[in-house]
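This is what each chain is made of:
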Amino acid sequence: MKRLSLLGLVLVAGLGSGLSQPNSAAAVGICKCDNAKGFETSCLPICKEANEKTSFFRPAVYFGDDPKVNSDQTPLNGTSMKFLYMSRPTRQGMESFRQFLENSRTKAETEYRKMKQAYLRGHVGPEEFVEAEKQRDEAVVNYQHGMRAYLNTPSPR
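Rules and cut-offs
- Residues numbered from 1 in each chain as written.
- Predicted model: local features only at pLDDT ≥ 70, side-chain atom pairs only at ≥ 80, totals over all residues.
- Heavy atoms only, no water.
- Phe/Tyr/Trp six-rings, centres within 6.5 Å; stacked < 30°, edge-to-face > 60°.
- Lys NZ or Arg CZ within 6 Å of the ring centre and 35° of its normal.
- pLDDT = per-residue confidence, 0-100.
- Contact = heavy atoms within 4.5 Å.
- Helix = DSSP H or I, 4+ residues; strand = E, 2+ residues; numbered from the N terminus.
- Buried < 20%, exposed > 50% of the residue type's maximum accessible area, 1.4 Å probe, protein only.
- Disulfide = S-S within 2.5 Å.
- Pairing = 2+ DSSP bridges.

1. Things to note about the packing of aromatic side chains
- Under the criterion given, the structure shown has 4 aromatic pairs.
- The aromatic ring of Tyr143 is capped on one face by Arg105, whose charged end is 5.1 Å from the ring centroid.

Structure (structure tokens):
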């Protein structure tokens, strides 16, 4: 009987650790290297590497734990991710990036639905609703660009 309860405890602990993995996506951010306001100092080497071979500025995926880069509330907005650069990702980094994209897109969709409900109830005007719709559309397009970069980047074995 004790052996069964110990086995159950091990299974529950294993399942619990699997449920906490979505937080690993927090170790990913987007360095918006083309931002007119400048960018974080931790993005400087990545942005330099991303932009040295092109004649234009492009965003880069940040695989690090700088809270300033990782705490962007709207990471899929503000810059086009059409030419997204990924610098030497690991397998876990690639999975974290995919989770990051999924979580960010879901958050953008949720915010849009909240704004739509507020608009239908008369709490916000049409201008705010149109702006929320544009934000959601930009996030979805950048999500698609990010997924294209994810699928086309070979991950290390």
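2. Side note on the confidence of the model for the protein
- Averaged over all residues, the pLDDT of the protein is 82; the fraction at 70 or higher stands at 80%.
- Ignoring residues within four places in sequence, the model shows residues 3–26, a span with pLDDT below 50, making 11 contacts including any to other chains.

3. Concerning unusual backbone geometry
- Positive phi values are uncommon outside glycine, yet Arg88 reaches one of about 45 degrees.
- Position of Arg88 among the secondary structure elements: in the loop between β3 (85–86) and α4 (91–120).
- Owing to a relative accessible area of 65%, Arg88 belongs among the exposed residues under this scheme.

4. Describing the state of the cysteines
- Applying the stated rule across the entire model yields 2 disulfides.
- For Cys33, the disulfide goes to Cys47, at an S-S distance of 1.9 Å. Sign of the S-S torsion, about -80 degrees for the bond between Cys33 and Cys47, identifies this disulfide as left-handed. Here Cys33 is found in the loop between β1 (28–31) and α2 (44–51), whereas its partner Cys47 is found in helix α2, with 14 residues between them in sequence.

5. Regarding the pairing of strand β2 (residues 60–63)
- Examined bridge by bridge, β1 and β2 share 4 bridges and lie antiparallel to one another. In the strand pairing of β2, Gly29 is matched with Tyr62.
- Summarising the sheet, β2 and β3 pair through 2 bridges and their orientation is parallel. Looking at β3, one finds that Ala60 is bridged to Tyr85.

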